[in-house]
Amino acid sequence: MKKEYLKLDRIEGPLIELSDIEDAAYGEVIKIKVEDGEDKTGKVIKIENDRVVVQVFESTSGISVKNSSVSFTGKPFEISLSKDILGRAFNGIGEPIDGGGRIFNKKVYNINGRPINPVARKYPRNYIQTGISSIDALTTLIRGQKLPIFSGNGLSHNELTAQIVKQAKISTDTDEVFAIVFAAIGVRHDDADFFKKSFQESDAFNRVVMYINYADDPIAERITTPRCALTAAEYLAFEENMHILVIMTDITSYCEALREISSAREEVPSRKGYPGYLYSDLASLYERAGMLKDKKGSITLLPILTMPNDDITHPIPDLTGYITEGQIVLGRELYQKNLYPPVNILPSLSRLMKDGIGKGYTREDHPDVANQLFSSYSKVQEIRALSQIIGEEDLSEIDKKYMKLGKEFESKLISQDFNDNRSIEETLDLAWEILSILPTEELDRIDPNLIEKYFLNKDNGNKST
Amino acid sequence: MSNYQGTVIMVNGPVIQGTGMSDFKMREMVMTGNKKLIGEVISIEGEVGIIQVYEETEGLRIGEPIISTGKPLSLKLGPGMIGNMFDGIERPLKKINEMSENFIPEGIGLISIDTEKKWDVKILVKQGETLNSGQIFGEVQETSLISHKLMVPPKIEGEVIRIKENGSYTIEETLAVIKDQKGEEYELKMYQEWPVREPRPVKERMAISKLLRTGQRILDIFFPIAKGGTAAIPGGFGTGKTMTQHQLAKWSDADIIVYVGCGERGNEMTEVLEDFPQLIDPKTDKPIMERTILIANTSNMPVAAREASIYTGITMAEYFRDMGYHVAIMADSTSRWAEALREISGRLEEMPAEEGYPAYLPSRLAEFYERAGYVHTLNEQDGSVTIIGAVSPPGGDFSEPVTENTKRYVNVFLALDRELAYARHFPAINWLNSYSGYVKVLNNWYEENLDENVIKLRAKMLELLYQESKLQEIVMLVGEDVLPDDQRLILEIAKVMRIGFLQQNAFHSEDTYVPLKKQYRMLKTIEHLYNRSYEIVKKGVPISHIKNKKLFNEIMKMKYNIPNENLQGIDDLNDKIDEYYNKLEEKYSEK
């Protein structure tokens, strides 16, 4: 019954075109049999009368217009999932690459998922302690949040992510199970190995699912890699009630793959040659994070992207920032000062922290302290610029204190050893130690009662009033 | 109504083509494919029509039918909208969630406001009466705050020939029948249908003259928005667009709020759904959810419906305006809407203009913002629609097409600033780049409702802030110490204004909403501080003595420490200022 088509019209990059097709569905999966070659799969991405454009997942090399036969499956792109995926590794289209067998389950899942109904969402409020001061104090991660790491080439984003994986208390309740879904999109082999190794060290290895598309793998699979991973995450979170941390690296490779396919399709480009639907496409990934009212599990999404040329206004970080709930920005300047993790806090932000910190969540003084640190550190930047011009000696007394605060803030609070796991109390106490360099009246963002309670250097405050 | 049928011949994401469509009308709503996906005809050429589909098209095949509905994309406007959340084409998301758990499927069909719920209707007209278009013939208490007026739809009028009595009805029941002069009969129900892309008619547009109070200091005093006016809030990510929009939705003194989440985050809509029922409106003591309509087409929902969501919102706003209400609509974000236009235009392979946006972007923006206004309705009442649109310029660069073109059609421009946001100065509205075109027309309003000197005071204090920015440039080069004392005083006063007045804490119970009276008194107090200290600085008293930390601190904290309802503290503070500077003056004149 199934028809096979024996002639292709055009092959270009990851796309093939066929004509005289009688019945094709948009988004349907096709099988390509190549003479003396491997079978390939593809997906219908455009139908025009009887002509069909197909995006092939594996590489199109070896296909000629005559040597292959194409059949339509009538189904969208689906993968089967079961609890057995934990501890396994797959490629970008959900096939095992760890030597293990296929996953069998009657139930299959469309990797495109469906948008979560905003009415069904639960607003995320529980914070995740990562043990990293810059994140816990200033860009607090909330369970169910999507918080990307904006990095640059060569910066220590992989180490930071590994440390988060190692230390994050995803669930405070010991009964609850957590797992990690790792999607590697166009990554180098050594980066992927680094993550594998750090998962092993975090003794969570049998709770990690990996979907890996190496840098030398076909680019069309980069489009499906994150979707397979998120589908697995949704399954684990909303059917198996687990708390899932999804790590996705590198979004930049994903977007470049999207651009390559778009240009092969001869679409009208928008900014920097990226397709006009880049925003919607990224949203269809990021928005799959979250929590549901009637489900116990959660999906926390930590995408990593390297900003081309460290430019935060480049379309990839720019559109990402508009969709995600904040961003953790790594800075080259701090990295060059040999600080780890080089979190540049001023452009960093966690949109959900306002509802997940403070009394009843972390500690009563947390919101004010965070606010004050942001405000004071931004003042430090102004004073540093000034001291470049007039020299540090000529600064006023108070400005010199700010200079000291800047130094200590970077060396004590931001900087932290890879193995240093700080509790939120330690982090906040450290913050007070640093804030106490300033006289109390400079602390204009903190409630006077809290200053009374936590300020360390009372003499300092009294003298200057 | 005859149903025509066409056939799908092309699918490209949300854009499809059909053939056999020569009987279809432009902008007609159609059902596409076996799943009956809802779409709209956007162009016709001979037999071939192009349709934008409001649902996911995956699985759609060539040869599937396209069925006409005979009417343009329209909304059912009637009781059941307030407090509810809809998608971009007015399908209730709560209902969808009951039908299909947690996720939004395609092919759920055309559902709208609840047709089964019974409402208590009070009929206001009698048999034999002649009704005009827009006339109110009944009312329903929709929430404790809003009385929903049942109006004769525009373009229809006539004599009442049958009428029901007061009682409990569903929206589908006919409440009255009227007969026009030609003898045609019309059934009046609790709802009316109206095409989203057509502005609802009014008797006449009126001049703008009233302030939309927002309780936000930088807006009400410095950059006021008027009822019936237009405003844009542009800003890069993280600068607080959504926060500002939420604050306006919560506290502005409109009767009805329509909040359109257009291509934004799902969690933000959830937050509104969780927060609003608990927030109490200071004017009415009722939860603000009872005056709010939410439209959510989040970024991962189909892109074509995102394009429609803005029109859905504004049509609902106009409908309530026609009842004589003052409505404010927040569109967050209009850039996502423009991008939806661009995406569809790209798939139609239209010739792109600037940055890939279609050439008709400016005219579409104009059409949208022009639907705002203060009007005299068909039923002789005053009503208004105020539009406040967020703009998300790529890279925070205001010179891009959406911001540039929006600027041409709005009167208030509230520029959000990344530097201020980084320093956690919120609302991060930059007072140097923002403007309001309503200051002059609101002068009378301020005089009558607040004080004669509001506009003068505003100008004086803005001037101070402007001087400060110039001085800061010098300070950045040579440090503060070299400035003469009168200029250093300006820096100090500007700091008091930044911290004590411009910054407003949305999470502080006293500061999140501030009544106009207190706003004015606060600014006046800062002016008083400036006047007194300036007099003395001119007499040669050094700045270190003039800047009394305790006093300055107290002024900066008056937003927290002086309760909104009891302004005695402000009088005391003014006395303290006088007392301190009188003493200082005495001390120095003795020398």
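Residues numbered from 1 in each chain as written. Chains lettered and ligands numbered in written order. Predicted model: local features only at pLDDT ≥ 70, side-chain atom pairs only at ≥ 80, totals over all residues. Heavy atoms only, no water.

Chemist: Outline the overall build of chain A, supporting the account with residue identities and numerical values.
Modeler: The secondary structure content of chain A amounts to 13 helices and 21 strands. For a compact globule of 465 residues, the expected C-alpha radius of gyration is about 23 Å, and chain A comes in at 25 Å, within 12% of that figure. Seen along its three principal axes, the alpha-carbon backbone of chain A occupies a region of about 90 × 50 × 40 Å. When each of the 465 residues of chain A is scored for burial, the buried share is 62%. A fraction of 71% describes how many contacts in chain A between residues 6 or more apart in sequence connect residues 24 or more apart. (Helix = DSSP H or I, 4+ residues; strand = E, 2+ residues; numbered from the N terminus. Rg over C-alpha atoms; globule rule 2.2 N^0.38 Å. Buried < 20%, exposed > 50% of the residue type's maximum accessible area, 1.4 Å probe, protein only. Contact = heavy atoms within 4.5 Å.)

Chemist: Give me the lowdown on the packing of helix α9 (residues 366–390) of chain A against helix α10 (residues 397–414) of chain A, citing residues and values where you can.
Modeler: In a pair of packed helices, the angle between the axes and the distance between the axes together describe the arrangement. Residues and elements named next belong to chain A. Direction vectors running N to C along α9 and α10 enclose 120 degrees, while the axes themselves pass 9 Å from each other. Judged by the sense of rotation from one axis to the other, the crossing of α9 with α10 is left-handed. Contact with α9, carried on its side by Leu373, Ser376, Tyr377, Lys379, Val380, Ile383, Arg384, Leu386 and Ser387, involves Asp399, Tyr402, Met403, Leu405, Gly406, Lys407, Phe409, Glu410 and Leu413 of α10 and no other residues of that element. Taken together, the residues that form the contact of α9 with α10 break down as 10 nonpolar, three polar and five charged. (Axes fitted to C-alpha atoms, helices over the stretch in contact; angles between N-to-C directions. Left-handed = near helix turned anticlockwise from the far one by under 90°. Nonpolar A, V, L, I, M, F, W, Y, C, P; charged D, E, K, R; others polar.)

Chemist: Describe the domain arrangement of chain A, naming the residues involved and giving the relevant values.
Modeler: Taken domain by domain, chain A consists of domain 1 (4–75), domain 2 (79–355) and domain 3 (366–456). For domain 1 of chain A and domain 3 of chain A, the distance between their C-alpha centroids amounts to 61 Å. (Domains from an automatic or database assignment.)

Chemist: Requested: an account of the side chain of A:Arg351, with residues and values cited.
Modeler: Mapped onto the elements of the fold, A:Arg351 is located in the loop between β21 (349–350) and α9. Buried charge A:Arg351 goes without a salt bridge, the closest partner of opposite sign being B:Glu268 at 4.5 Å. Sequence-distant contacts of A:Arg351, defined by excluding residues within four places in its chain, comprise A:Gln145, A:Gly321, A:Thr324, A:Glu325, A:Gly326, B:Phe237, B:Gly238 and B:Arg265. (Lys, Arg positive; Asp, Glu negative; His and termini not counted. Salt bridge = Lys/Arg side-chain N within 4 Å of Asp/Glu carboxyl O.)

Chemist: Explain the interface of chain A and chain B to me, and be specific about the residues and the numbers.
Modeler: At the interface, 81 residues of chain A touch 78 residues of chain B. Here chain A packs against chain B, burying approximately 6700 Å² in sum over the two surfaces, 52% of which is carbon and sulfur. Of the charged contacts in the structure, one is a salt bridge between A:Asp23 and B:Arg61, with a shortest N-O distance of 3.1 Å. Here chain A and chain B share 37 residue pairs in polar contact (both at pLDDT 80 or more) between them. Residue contributions to the side of chain A that touches chain B peak at nine residues, all from α9(A). Counted by class, the side of chain A that touches chain B contains 35 nonpolar, 21 polar and 25 charged residues. Note that strand β5 (residues 40–48) of chain A and strand β1 (residues 5–12) of chain B share two bridges and pair antiparallel. What sits directly across from A:Glu48, in β1(B), is B:Met10. (Buried area = accessible area lost by both parts, 1.4 Å probe. Polar contact = N/O pair within 3.5 Å; in protein donor to acceptor, adjacent residues only side chain to side chain. Pairing = 2+ DSSP bridges.)

Chemist: Please provide a residue-by-residue account of the packing of aromatic side chains, values included.
Modeler: In total, this model carries 27 aromatic pairs over all chains according to the counting rule given. Geometrically, the ring pair formed by B:Tyr530 and B:Tyr534 is tilted, given 5.5 Å between the ring centres and 35 degrees between the ring planes. One end of the pair, B:Tyr530, and the other, B:Tyr534, are both in helix α13 (residues 516–538), four residues apart, so they sit about a helical turn from each other. An aromatic cluster is built from A:Phe182, A:Phe194, A:Phe195 and A:Phe199, whose rings are joined through pairwise contacts. Stacked on the ring of B:Tyr311, the Lys or Arg B:Arg197 has its end atom at 4.9 Å from the ring centre. (Phe/Tyr/Trp six-rings, centres within 6.5 Å; stacked < 30°, edge-to-face > 60°. Lys NZ or Arg CZ within 6 Å of the ring centre and 35° of its normal.)

Chemist: How would you summarise empty space enclosed by the protein if you had to cite specific residues and measurements?
Modeler: To locate leftover empty space, one rolls a probe as large as a water molecule over the atoms. Across all of its chains, the model carries four cavities of 30 Å³ or more by this definition. By volume, the largest cavity amounts to about 140 Å³. Along its surface, the largest cavity is lined by 14 residues, and A:Ser270, A:Arg271, A:Leu319, B:Glu339 and B:Arg342 are the ones closest to its centre. Put simply, the parts of the chain that give the lining of the largest cavity at least two residues each are α6 (278–286) and α7 (315–323) of chain A together with α6 (334–347) of chain B. The class makeup of the residues in the lining of the largest cavity is eight nonpolar, two polar and four charged. Reported here for the second largest cavity is a volume of approximately 100 Å³. Lining the second largest cavity are 13 residues, and of these A:Gln327, A:Pro347, B:Phe237, B:Gly238 and B:Tyr422 lie nearest its centre. Looking at which element gives the most residues to the lining of the second largest cavity, the answer is helix α9 (residues 418–422) of chain B, with three residues. Among the residues forming the lining of the second largest cavity, the class breakdown is seven nonpolar, four polar and two charged. (1 Å grid on protein atoms, 1.4 Å probe; cavity = no way out; pocket = protein on both sides within 12 Å on 5 of 7 lines; lining within 4 Å. Points joined across faces, edges and corners; volume = space filled by probe spheres on them.)

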